[in-house]
Amino acid sequence: MNILLTGVNGQVGWELRRTLATLGTVKAPTRSQLDLTDGDALREFIRTLRPDLIVNPAAHTAVDKAESEPESARAVNAIAPAIMAEEAAKLGAAMIHFSTDYVFDGNKTGAYTEDDVTHPLGVYGQTKLEGENAVRTANIPHLILRTSWVYGLRGGNFLLTMQRLFKEREQLRIVADQYGAPTWSRMIAEATAQILVQQPFKPGRESLHGTYHLTSKGRVNWYQFAQAILDSDCSSGAKRPELIPIPGADYPTPARRPANSELASDKLLRDFGVSLPDWKVALDLCLDCDMANRAD
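Residues numbered from 1 in each chain as written. Predicted model: local features only at pLDDT ≥ 70, side-chain atom pairs only at ≥ 80, totals over all residues. Heavy atoms only, no water.

Engineer: Help me out: how do you make sense of the layout of surface pockets in this one?
Structural biologist: Rolled over the atoms, a probe as big as a water molecule pinpoints where empty space is left. Estimates place the volume of the second largest pocket at around 190 Å³. What lines the second largest pocket is a set of 15 residues, among which Thr215, Ser216, Lys217, Ser265 and Asp266 lie closest to the centre. Of the residues belonging to the lining of the second largest pocket, the class tally is seven nonpolar, five polar and three charged. (1 Å grid on protein atoms, 1.4 Å probe; cavity = no way out; pocket = protein on both sides within 12 Å on 5 of 7 lines; lining within 4 Å. Points joined across faces, edges and corners; volume = space filled by probe spheres on them. Nonpolar A, V, L, I, M, F, W, Y, C, P; charged D, E, K, R; others polar.)

Written out as structure tokens, the structure is:
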């Protein structure tokens, strides 16, 4: 396959460049090479490359900033995926598009399924939902993979923020009433490749279709996640800051967060035989890789 991969310097895109390499020729332009907010340039790039598959993890993920910059968020999260899907339809190509738990309001008791009604609380979730709908209505083979609480060893994420703050602070106040499943970016990328191996896309055949949740197993709040990082991570050395659980109301942000971000991934296991491990198992594996990298 000829594969176009966006967001290559992001957490998931960086990992996908490696996992997709065995499945075809991957073209992964950086932001300086392909500006997703430039619709004409995006169309021209796709028409020149003529990919068989477009994989789009790129997103405007600055949740709070999106509230004050809705058009910037919409350009990347909604308009760009719509253009990709339109061009894919003209080429007979397929598309894998990544989305988020923020398409839900978090008011449900229990894990959200793919069939639950969406109700975003803010601009980020709303624009990601618009992107989803654009891909769905383009009449192309596609997968929409929703994930949550993504972390990894590069980029900006909760894990790296905690590792830094553990060294700088004696006390940290962490929100303890928002729940979800932390999901390692590497496992998202590996699962995506597994799905493509299980059900490879072949031009001219409707082989990929539907929305799936792709997250680690388990349920945890931010305070518990931070405590697990502190307990497992050697980066803080002898210094152990005090972690204090607080309600989200005591940590106001421009964008509202879902209180419940748990996504059920049963459909993914049923259709593709793919299932991510428990969030704590994945975290330990990620930190093992971090220690190995430091040792090198």
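Engineer: Any chance you could explain the packing of aromatic side chains here in plain terms?
Structural biologist: On inspection of all chains with the given rule, the structure shows nine aromatic pairs. Between tyrosine 102 and tyrosine 124, the aromatic rings sit 5.3 Å apart at their centres with planes inclined by 75°, giving edge-to-face as the arrangement. Of this pair, tyrosine 102 sits in the loop between strand E4 (94-100) and helix H5 (123-136) while tyrosine 124 sits in helix H5; the two residues are 22 residues apart in sequence, bridging distant segments of the chain. Like tyrosine 102, the residue tyrosine 124 is buried in the burial classification. Following the ring pairs from residue to residue traces out a cluster consisting of Trp149, Tyr151, Phe158, Trp222, Phe225 and Trp279. Its guanidinium or amino end placed over the ring of tyrosine 179, arginine 219 lies 4.0 Å from that ring's centre, counting from NZ or CZ. For lysine 267, the ring lying beneath its charged end belongs to tyrosine 212, and the centroid distance is 4.5 Å. (Phe/Tyr/Trp six-rings, centres within 6.5 Å; stacked < 30°, edge-to-face > 60°. Helix = DSSP H or I, 4+ residues; strand = E, 2+ residues; numbered from the N terminus. Buried < 20%, exposed > 50% of the residue type's maximum accessible area, 1.4 Å probe, protein only. Lys NZ or Arg CZ within 6 Å of the ring centre and 35° of its normal.)

Engineer: Looking at this model, I keep getting lost on the sheet that holds strand E5 (residues 142-147). Mind explaining?
Structural biologist: Whenever strands of a sheet pair, they do so through backbone hydrogen bonds, lying parallel or antiparallel. Pairing is parallel in the open sheet, where six strands are placed in the order E2-E1-E3-E4-E5-E10. The open sheet is flanked by strand E2 (25-27) and strand E10 (211-213), the only strands paired with a single partner. Taking the axes of each pair of neighbouring strands and ignoring which way they run, one obtains an average angle of 20° across the sheet. When E4 meets E5, the two strands line up parallel, connected through six bridges. Looking at the pairing, phenylalanine 98 lines up with leucine 145 of E5. (Pairing = 2+ DSSP bridges. Axes fitted to C-alpha atoms, helices over the stretch in contact; angles between N-to-C directions.)

Engineer: Help me understand the pattern of salt bridges, please; the structure alone is not making it clear to me.
Structural biologist: Where charged atoms from two side chains of opposite charge come close, those side chains can pair. Taken as a whole and judged by the stated rule, the model has 18 salt bridges. A salt bridge links glutamate 87 to arginine 47, with the nearest nitrogen and oxygen atoms 2.9 Å apart. Here the residue glutamate 87 occupies a position in helix H4 (residues 70-91), and arginine 47 occupies one in helix H2 (residues 39-49), the gap between them amounting to 40 residues. Note on arginine 47: relative accessible area 41%, which makes it partly exposed. With a shortest N-O distance of 2.8 Å, glutamate 132 and arginine 146 are connected by a salt bridge. Note that glutamate 132 is positioned in helix H5 and arginine 146 in strand E5, a separation of 14 residues in sequence. Pair check on accessibility: glutamate 132 and arginine 146 agree, each one buried. (Salt bridge = Lys/Arg side-chain N within 4 Å of Asp/Glu carboxyl O.)

So, to be careful, I would describe these as geometric facts and stop short of saying anything about function.
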